[in-house]
Amino acid sequence: MKKSTKRVAAVALSATMILSAMGGAMAANSKYQEALDAQEASGNIYTSLFTGRWDQQQVDGFTGNYSVYVPSNFEYCSPGVMLLTPDGVTATEWLDSELGQKWVSVADTNGIALVVAEPQDGKWNLNDLQSARDDEAYLYGIYGKITDKTDENESTFDLNERALYLVGYDEGATAANEMAMKWPALFAGVTAVGGDAVPSDVASALGNEISYPFAEASTEGREENNLPNKEIPVRIWQIETDSSHKSDIVYWTAANDLSSSSEEKTNDIATVVSNLDEDGNAEPEQVWYSSADSIDSVDPSVIYGQFLADVQRFVGDPGGYLEWTIQHENDGTHGFFLNEEKVDGYTRRWYTYVPQSYDGSTEYPLVVAMHGYSSAISAFTGDSRWQNVADKYGIIIVFPQAYVNHAGYGSNGIPVPVWNNYSTVLNNTESYEDPDDVGFIKYLVDDAKADYNIDATRVYATGHSNGSAMTWMLAQDAAEYFTAVAPIGFNWGSYPGYALDGGTVDYSGCEDNSYVLPVWCMTGSYDVGEADDYSANTKNGKTVSYWKAQNGTYAVPDKTSEIRDTRAEHIYTTTTYSGENDAPLVRFTQISNNCHSYMEDIAFMVWEEFFTDYTREADGTLYYKGQKVEKQDGILSDAFTDISNHWGKAAIESAVDTYGLFAGTTTTTFSPSTTMTRGMLVAVLYRMDPNAQAVSMDSLFEDVADDAYYEKAVNWAKENNIVAGVSETQFAPSDPVTRQQIAAILYRYATYKGYDVSASTSLDKFTDGDQTSEYARTAMQWAAGSNLFIGKNDNVLDPKGNATRAEVATILVKFCQDIAK
């Protein structure tokens, strides 16, 4: 069994010194490449190019300086500590002091970055006076500078934003408390040493202010969540020297949802208040408090090593969530094994996770899980927690590390770990072959098969963001290696069919991929780019369209919703396109109230509801739950025996096979003459809109059962004012839908979608137009003016007559072609 490969670092000139020797011109891509080559040659490719100390750093629009210290052993995506000085002490002076140098020693030992901030004109604005600097805005400005990953900022570095900590001394301690109250979602832990309690009016104002719930990833979702700062937990250690902080402790006790029933115990350095999980273990939302004779008596190594480093904050839930830091350890047989070796001339790194249940006697599935842009394997194990899935179900997990390159996410972007795929322009290469990341992942699969007893029929790939793009590339260019894939948080999936500028899709350059490869992609409502918009003209929508054709799915989707609420409630709305034997071959999921993230719930969903059901034999044949799955032509209507001589045959075929609006009433019948019901119509509209998501998971009407196929559709339509009930409590889903009801519902749907509803014609040209009810008159005028309704024989509109499934199919095909085009 493969053991951890120990890395031996060669003594070499630091990359910062190399860049300096080259004149400090860091924007030139070729000079980055020289520095990267030097890092590779010295065996330090994963150590940051940007190390050293920078003083007199400033934030535009603010008075005051800050200093940055990045040790020579700082690796990409590593933790950082923001330190706030006492009054009367500059950042430079403090970093040079005995205490500051102790923190430098902590940074050197642990490979973490330090950012030291000073007060304006020697005094922190602890009363939040309008006449003085807005300290919280200033410190947030520093946060923006240290996380922008561009070389426009000379002190830039690749911070692991999950592990940003805040420490303040004396007046800086009070300022640290206030900053944490203002921006709680940014920090995984806070230590306040000395100082005074936050003034009560300031604490109240900051705590009651509505938060930016996804502050690490996005400024969106503030109004929608309406989440006060005071309800976001922050792990805090209050160290008193000569003053009381009872009010601060009370504040943070409430923020961390602690109470008199919480466990309170004393360790060697503090009293710790925490809640216990169901197994009796302490949860990370804690309040520590202790006393000290002086500031200098509290050693920084204790603050960092025994308090801060234990917890990280992850994104995905409103306010983020705290989790214990993953310890990447092994017992010689099980756990995390760090591997590092040359692959195709490049130093490559990866973790292999082996669950406790593995003894080599049984074949285990393999999952390759890839991190995102500028991230690292040590971070992604915390994001995705795939190792927890492995422990529960018996899986080997490989976490590959992306190589360090100068990525084209902006001309000034610094070199960071980034996967070399068609979503990323690497500024130091003219091809996607150097480094060959497809080849690297294939090597890892082969390597795992050689070292472990892997079930070769069950090999899967997943990734987040840039790692999602890498997953899509593997799906296109290495499909023979994988049974199914799950790209999360980024969709450009028909490589290299999409031009980076969003231009016309050209599939001519795609690999000739003959494999049926199940895909499941997910994005959140506050995700990057197009987020959870899967409209046909978006890259999300085009990705789904491409893979539907690639896998030969039927056009009619199945739409489901479920709540996953491990910590915060998210609604997962999943649209599934199936193939032979009802195999879910293409899925996309829209996650409500979620940002750019890969949460543990996602990993469990992907395994339990997708990966585990698929196997692929050596000849490439795919099986779903033991049944063979071959590519189909995607034509569902051929099976209908009751439409061959029907007047609506062409419209029915389009409605079913092109637009995916209708399923059959059975596998062999469409029932064209059956009267359309209200429940049927709303279900069709729910399918028509790829972005339709119900908010309520419980039925909004007494006569709509929770398990009815149209239940979520009715909820969605009611929530968006597309339909109303026949009363406050009744929807009458089984009642026939009249022609004027269809017009009214389609008119509201078109308005909801933002389509043009200006067309109109007089109903007087119909012999019975005056029989249209007043509520439906405008809608019927629009429907007639749009030629959705052309009348029956002898200019009869029949507004109160029922409509058959064939008639509604004809109307909706016209709607798709002329209104929703």
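Asks: Before we go on, may I ask you to explain the overall build of the protein in this structure?
Replies: Counting its regular elements, the protein contains 22 helices and 27 strands. A compact globule built from 821 residues should have a C-alpha radius of gyration of about 28 Å, and the protein, at 30 Å, falls within 12% of that. Considering only contacts within the protein whose residues lie at least 6 apart along the sequence, 69% involve residues at least 24 apart. Surface exposure of the protein reaches about 31,200 Å², of which carbon and sulfur atoms provide 45%.

Asks: In this structure, what is going on with the sheet that holds strand 27 (residues 627–629)? I would like to understand it.
Replies: Backbone hydrogen bonds hold the strands of a sheet together, and the pairing may be parallel or antiparallel. Taken together, 3 strands build an open sheet; the order of strands is 25-26-27 and the sheet is antiparallel. The sheet terminates laterally at strand 25 (614–616) and strand 27, the two strands that pair on one side only. Ignoring which end each strand starts from, the neighbouring axes of this sheet average 35° apart. The sheet contact formed by strand 26 (residues 622–624) and strand 27 spans 3 bridges and is antiparallel. Pairing of Tyr624 across the sheet is with Gln627, part of strand 27.

Asks: Teacher, can you tell me more about the sheet that holds strand 20 (residues 484–488) here?
Replies: What the 10 strands build is an open sheet, ordered 13-14-16-15-19-20-21-24-23-22; its pairing is mixed. Each end of this open sheet is capped by a strand with a single partner; those strands are strand 13 (335–343) and strand 22 (558–564). Each strand axis lies, on average, 20° off the axis of its neighbour in the sheet, ignoring direction. Of the strand pairs in this sheet, strand 20 and strand 21 (residues 519–526) are connected by 2 bridges, and their pairing is parallel. Across the sheet, residue Ile488 finds its bridge partner in strand 21, namely Met522.

Asks: Is there a simple way to explain the environment of Val723 in this structure?
Replies: Positionally, Val723 belongs in the loop between helix 19 (711–719) and helix 20 (739–753). A relative accessible area of 6% means that Val723 is categorised as buried. As for Val723 and Arg748, which are separated by 25 residues in sequence, their C-alpha atoms are 7.9 Å apart.

Asks: Just checking my understanding: could you explain the packing of helix 6 (residues 171–182) against helix 9 (residues 246–255) for this structure?
Replies: Helix-helix packing is described using two parameters, namely the angle between the two axes and the distance between the axes. The contact between helix 6 and helix 9 brings their axes to 12 Å, and the two run at 25°. Put simply, helix 6 runs roughly parallel to helix 9. With respect to the hand of their crossing, helix 6 and helix 9 are arranged in left-handed fashion. In this structure, helix 6 contributes Asn177, Ala180 and Met181 to the contact, and helix 9 contributes Asp248, Tyr251 and Trp252. A breakdown of the residues in the contact of helix 6 with helix 9 according to their chemical character gives 4 nonpolar, 1 polar and 1 charged.

Asks: I keep staring at helix 5 (residues 135–146) and nothing clicks. Help me out?
Replies: An α-helical turn contains 3.6 residues, so a residue and the one three or four places further along point in the same direction. Helix length check: helix 5 (12 residues) gives 17 Å between terminal C-alpha atoms against 16 Å at 1.5 Å per residue, within 8%. Among all positions in helix 5, only Asp135, Glu136, Tyr138, Leu139, Gly141, Ile142, Tyr143 and Ile146 are buried. Against the buried residues of helix 5 lie strand 2 (66–70), strand 3 (78–84), strand 4 (113–117), strand 5 (159–169), helix 6 and helix 7 (200–208). Its side-chain oxygen 3.3 Å from the backbone nitrogen of Glu136, Asp134 forms the N-cap of helix 5.

Asks: What should I look at first to understand the environment of Asn540 in this one?
Replies: Summarising the element assignment, Asn540 is placed in helix 15 (residues 539–551). Among the residues examined, Asn540 registers a relative accessible area of 4% and is labelled buried. When the C-alpha positions of Asn540 and Tyr710 are compared, they lie 25 Å apart, and in sequence the two are 170 residues distant. At a separation of 3.1 Å, a polar atom in the side chain of Asn540 contacts the side chain of Asn491.

Asks: Would you explain the pattern of salt bridges in this entry?
Replies: Pairing between side chains becomes possible if they bear opposite charge and their charged atoms approach one another. Tallied over the entire structure, the rule returns 21 salt bridges. Of the charged contacts in the structure, one is a salt bridge between Asp55 and Arg53, with a shortest N-O distance of 3.1 Å. Taking relative accessible area as the criterion, Arg53 reaches 32% and is therefore assigned partly exposed. Across the pair Asp798 and Lys792 runs a salt bridge, and its minimum N-O distance is 2.9 Å. The network of salt bridges with shared partners includes Arg53, Asp55 and Asp96.

Asks: Sorry if this is basic, but what is going on with the environment of Phe789 here?
Replies: Within the fold, Phe789 resides in the loop between helix 21 (777–785) and helix 22 (805–819). Each C-alpha atom of the pair Phe789 and Pro799 lies 9.8 Å from the other, and the pair is 10 residues apart in sequence. The contacts of Phe789, once residues within four sequence positions are left out, are Arg739, Ile742, Ala743, Phe766, Met780, Ala783, Ala784, Leu797 and Ile811.

Asks: How do you make sense of the pairing of strand 15 (residues 364–370) when you look at a structure like this?
Replies: Regular strands show a simple pattern: their side chains alternate between the two faces of the sheet. Counting buried residues along strand 15, 7 of its 7 residues qualify, which places the element largely inside the surrounding structure. As paired elements, strand 15 and strand 19 (residues 454–464) share 6 bridges and run parallel to each other. In the strand pairing of strand 19, Leu366 is matched with Val459. Sheet analysis places strand 15 next to strand 16 (residues 396–400), joined by 3 bridges and oriented parallel. In the strand pairing of strand 16, Leu366 is matched with Ile396.

Asks: For this particular structure, what's the right way to read the side chain of Arg133?
Replies: Within the fold, Arg133 resides in the loop between strand 4 and helix 5. Within the local environment of Arg133, its side chain forms a polar contact with the backbone oxygen of Glu118, the two atoms lying 3.0 Å apart. Setting aside residues up to four positions removed in sequence, Arg133 forms contacts with Phe62, Thr63, Gly64, Glu118, Pro119, Gln120, Trp124, Asn125 and Tyr138.

Asks: Teacher, can you tell me more about helix 12 (residues 386–393) here?
Replies: Those residues of helix 12 not exposed but buried are Trp386, Gln387, Val389 and Ala390. Within helix 12, the buried residues cover an arc of 155° as seen down the axis, which keeps them to one side. Of the residues trailing helix 12, Gly394 is marked for its positive phi of about 75°.

Asks: Even after reading the chapter, I still don't get the packing of aromatic side chains, so can you show me in this structure?
Replies: Geometry of an aromatic ring pair is reported as the spacing of the ring centres plus the angle between the planes. Enumeration over the complete set of coordinates arrives at 48 aromatic pairs. Between Phe610 and Phe611, the ring centres sit 6.0 Å apart and the planes meet at 35°, which makes this aromatic pair tilted. Phe611 shares its class with Phe610; the two are buried. Put simply, the rings of Trp386, Tyr460, Trp520, Trp607, Phe610, Phe611, Tyr614 and Tyr624 touch in pairs and so form one group of aromatic residues. The cationic tip of Arg348 hangs over the ring face of Phe440; the distance from NZ or CZ to the ring centre is 3.8 Å.

Asks: Please explain the pairing of strand 14 (residues 346–354) as it appears in this structure.
Replies: Burial runs high along strand 14: 9 of the 9 residues are buried. Neither face of strand 14 is left uncovered, since the one carrying Tyr346, Arg348, Trp350, Thr352 and Val354 and the one carrying Thr347, Arg349, Tyr351 and Tyr353 both have all their residues buried. Strand direction decides the pairing type here: strand 13 and strand 14, joined by 9 bridges, are antiparallel. Directly across from Leu338, in strand 14, lies its bridge partner Tyr351. The antiparallel hairpin formed by strand 13 and strand 14 contains 2 residues in its connecting segment, where Asp344 sits at a positive phi of about 55°.

Rules used throughout
- Residues numbered from 1 in each chain as written.
- Predicted model: local features only at pLDDT ≥ 70, side-chain atom pairs only at ≥ 80, totals over all residues.
- Heavy atoms only, no water.
- Helix = DSSP H or I, 4+ residues; strand = E, 2+ residues; numbered from the N terminus.
- Rg over C-alpha atoms; globule rule 2.2 N^0.38 Å.
- Contact = heavy atoms within 4.5 Å.
- Areas by Shrake-Rupley, 256 points an atom, 1.4 Å probe, with all protein chains shown as cover.
- Pairing = 2+ DSSP bridges.
- Axes fitted to C-alpha atoms, helices over the stretch in contact; angles between N-to-C directions.
- Buried < 20%, exposed > 50% of the residue type's maximum accessible area, 1.4 Å probe, protein only.
- Parallel < 35°, antiparallel > 145°, perpendicular 65-115°, else oblique.
- Left-handed = near helix turned anticlockwise from the far one by under 90°.
- Nonpolar A, V, L, I, M, F, W, Y, C, P; charged D, E, K, R; others polar.
- Expected span 1.5 Å × (residues − 1).
- Polar contact = N/O pair within 3.5 Å; in protein donor to acceptor, adjacent residues only side chain to side chain.
- Salt bridge = Lys/Arg side-chain N within 4 Å of Asp/Glu carboxyl O.
- Arc of directions from axis to C-beta.
- Phe/Tyr/Trp six-rings, centres within 6.5 Å; stacked < 30°, edge-to-face > 60°.
- Lys NZ or Arg CZ within 6 Å of the ring centre and 35° of its normal.

In short, geometric facts, not functional conclusions.
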